[in-house]
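The primary structure of each chain is shown beneath.
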Amino acid sequence: MFIEIENLRSEPLHVHHVFPVGEIRFIHEDAALNEPVETDFILTHKDRDLYLDGTVQTAIRFRCSRCDKEFFRTFSTSFDLSYLPQPKWTNENAEIELKYEDMGVGYYDGVTFDVGLMVLEQIELAMPMNFICREDCKGLCYKCGADLNEKACQCVKEESDYRLSVLVDFKKKMDK
Ligand SMILES: [Zn+2]
Ligand SMILES: [Zn+2]
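A few points on the structure. What you see as residue numbers is a count from 1 along each chain, following the sequence as written. Key to labels: chains lettered from A, ligands numbered from 1, both in the order written. Restriction of local features to residues with pLDDT of at least 70 applies here, the model being predicted, together with a cutoff of 80 or more for giving and counting side-chain atom pairs; totals for whole chains, interfaces and linings are based on all residues. Side-chain measures were taken over the full set of non-hydrogen atoms in the model, leaving aside hydrogen atoms and water.

1. Considering the overall build of the protein chain
Working step 1: Secondary structure elements are taken from DSSP: a helix is a run of H or I of four residues or more, a strand is a run of E of two residues or more, and numbering for both begins at the N terminus. Across its full length, the protein chain carries three helices and eight strands.
Working step 2: For the protein chain, buried positions account for 32% of its 176 residues.
Working step 3: Taking all contacts inside the protein chain whose residues are at least 6 apart in sequence as the whole, residues at least 24 apart take part in 57%.
Working step 4: With the model as given, the accessible surface of the protein chain reaches about 12300 Å², and the carbon-plus-sulfur share is 52%. A 1.4 Å probe rolled over the protein chains alone gives each residue an accessible area, and that area as a share of the maximum for its type sets the label: buried under 20%, exposed over 50%, partly exposed in between. The contact rule is simple, with two residues in contact once any of their heavy atoms fall within 4.5 Å. Note on areas: these come from Shrake-Rupley sampling with a 1.4 Å probe, and a residue is covered only by the protein chains present in the view.

Here it is as C-alpha cells:
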C-alpha cells in the first residue's frame, strides 16, 4: 500500500489496511507471519513531513530456540513516528540522522510513502530477542534429543549421578 504525498489533503487521514498473508516481505529464519497484518493509523502532514500515530497487529509463528517446537503469539505494537523526505547525504546531516534515530524519525523519498515497509519495520523493531515458547521451557536433551518438557531422559539422571559420585569420591578422600 502506497500513499502519494501530493494527493494528501490538509485534514488528517485515517488509514485502516489489512495486508493479506505473504504481502509483507517478512524474512526471518525462525519466525513467520501467520495471519494478515492489520494496521490502523492517523496520518497528518506538514508539507512533506509525515506524522503517523497508530497500531500494527498480527500473529507470528515462532520456532522455540530451546525445544524446537512451533508456537504462535498474537502481536500488537503501537507507534508514533515522523517520516521526513530523505536529506541529501552530507557529513552534516549524517549527524542529524544519528540524533533523530532515537526519536522515531524515519526517511522516505518525499513522493510516495510505503505503508507496507513502515509496518514491516515496526514488526521487526518489536520482535522479541529470543524466541522461547515459555519462560521455563526445558528444551531438548543435548545428548539424546528428548523433549525435557515432556519427560526427563536418562542422560540427565546419569549425569547428575556422575556428579554426585564425584562428590562422594571426593568426600571419601577427605574422610581418609
Ligand atoms: Zn520451547
Ligand atoms: Zn537425554
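2. A word on the coordination of the zinc ion (ligand 1)
Working step 1: With water excluded from the atoms, a metal site may look incomplete; its donors are any N, O or S atoms within 2.8 Å, or within 3.2 Å for Na, K and Ca. For the zinc ion (ligand 1), the full set of protein donor atoms is Cys 64 (SG), Cys 67 (SG), Cys 133 (SG) and Cys 137 (SG), at a range of 2.3 Å.
Working step 2: Working rule for geometry: tetrahedral if four donors all subtend angles between 85 and 135 degrees; square planar for four, octahedral for six, if opposite donors exceed 155 degrees and the others stay between 65 and 115; irregular in every other situation. Coordination at the zinc ion (ligand 1) is tetrahedral: its four donor atoms span angles of 104 to 114° at the metal.
Working step 3: For the zinc ion (ligand 1), the donor residues sit on a single chain with the sequence spacing C-x2-C-x65-C-x3-C. Across the pair, Cys 137 and Cys 133 agree in class, each one buried.

3. Topic: the environment of Lys 138
Working step 1: Of note, Lys 138 is situated in the loop between helix H2 (115-126) and helix H3 (154-175).
Working step 2: Once the C-alpha coordinates of Lys 138 and Leu 148 are considered, the two residues, 10 residues apart in sequence, prove to be 5.6 Å apart.

4. Describing the pattern of salt bridges
Working step 1: Throughout this description, the term salt bridge denotes a Lys or Arg side-chain nitrogen within 4 Å of a carboxyl oxygen of Asp or Glu. Enumeration according to the criterion identifies five salt bridges in this entry.
Working step 2: In this structure, Glu 70 engages Arg 63 in a salt bridge whose closest nitrogen and oxygen atoms are separated by 3.6 Å.
Working step 3: One salt-bridge network, held together by shared partners, links Arg 61, Arg 63 and Glu 70.

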